[in-house]
Amino acid sequence: MHGDDNDPNLVPLLDLVFQLIMFFMITVNFVRVDQINEDISLPIAQAAVPMEKSAEEFIFLNIDRNGKLIGTLEDLNGGRKLEEFLKSKMTELERQARFKGEKGDPKVVLVLRADRDARYKQIWDIVELGKTAGIKRYQFRALKKQ
């Protein structure tokens, strides 16, 4: 008879687990690209509020001192490109919510990371584009005064 050599080989399973861990570590870093942009000097606020946790989806817009979008959405500057992008994003999110069986509008927050030297009118124009797209919640990023 053969001995007790029936132990399972766990090496492939452990290899797969380590590969999954590495994949998720890399993708988490890519997600943060839209959320943080070193070229923007955020304004300093007296009382900063933490980010809303009840939202299902966040749309991050980085606005430089000239009122232009920078980062991954930089090609949406000029014309009605940003408005069309926001409307299509909202339509897509509403379709996904209906597919999941959810009632009502999806909870979307437009997060504006505007440079402290940007003009208020330029920021307000972007907020207005979000309103026409159906976005109801907004947050502005700022640094907390120390």
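Use the structure listed above.
Because the structure is predicted, anything quoted here is derived from the model rather than measured.

(A) Fine view of the pattern of salt bridges. By the definition in use, this model includes six salt bridges. Where Glu128 meets Lys131, a salt bridge forms, and the shortest distance between an N and an O atom there is 3.7 Å. Note that Glu128 and Lys131 are positioned in helix α3 (residues 120-133) at a spacing of three residues, about one turn of the helix. Residue Glu128 is classed as partly exposed on the basis of its relative accessible area, which comes to 31%. The structure contains a network of salt bridges with shared partners spanning Arg80, Glu83 and Lys87.

(B) Spatial organisation of a nonpolar patch on the surface. There is a patch of nonpolar side chains on the surface, built from Leu10, Leu13, Leu14, Leu16, Val17, Phe18, Leu20, Ile21, Phe23, Phe24 and Met25 and spanning about 1,100 Å² of accessible area. Looking at the secondary structure, you find Met25 in helix α1 (residues 11-31).

(C) Local environment of the nonpolar core. In this structure, Leu61, Leu82, Leu86 and Leu112 are the most contacted members of the largest nonpolar core, which totals 21 residues. Contributing elements (two or more residues each) for this core: β2 (57-63), α2 (81-100), β4 (108-114) and α3. Here the element with the most residues in this core is α3; it accounts for five residues. Here Leu112 is in contact with Leu61, Ile63, Ile123, Ile126, Val127, Gln139, Phe140 and Arg141, once residues within four sequence places are set aside.

(D) Representation of the packing of aromatic side chains within the structure. Evaluated as defined, the whole model comprises two aromatic pairs. Residues Phe58 and Phe60 carry aromatic rings whose centres are separated by 6.2 Å and whose planes lie at 35 degrees to one another, so their mutual orientation is tilted.

Conventions we followed
- Residues numbered from 1 in each chain as written.
- Predicted model: local features only at pLDDT ≥ 70, side-chain atom pairs only at ≥ 80, totals over all residues.
- Heavy atoms only, no water.
- Salt bridge = Lys/Arg side-chain N within 4 Å of Asp/Glu carboxyl O.
- Helix = DSSP H or I, 4+ residues; strand = E, 2+ residues; numbered from the N terminus.
- Buried < 20%, exposed > 50% of the residue type's maximum accessible area, 1.4 Å probe, protein only.
- Patch = residues over 30% accessible without salt bridge, like charges linked within 9 Å, V, L, I, M, F, W, Y side chains within 5 Å.
- Areas by Shrake-Rupley, 256 points an atom, 1.4 Å probe, with all protein chains shown as cover.
- Core = buried A, V, L, I, M, F, W, Y, C linked by side-chain atoms within 4.5 Å.
- Contact = heavy atoms within 4.5 Å.
- Phe/Tyr/Trp six-rings, centres within 6.5 Å; stacked < 30°, edge-to-face > 60°.

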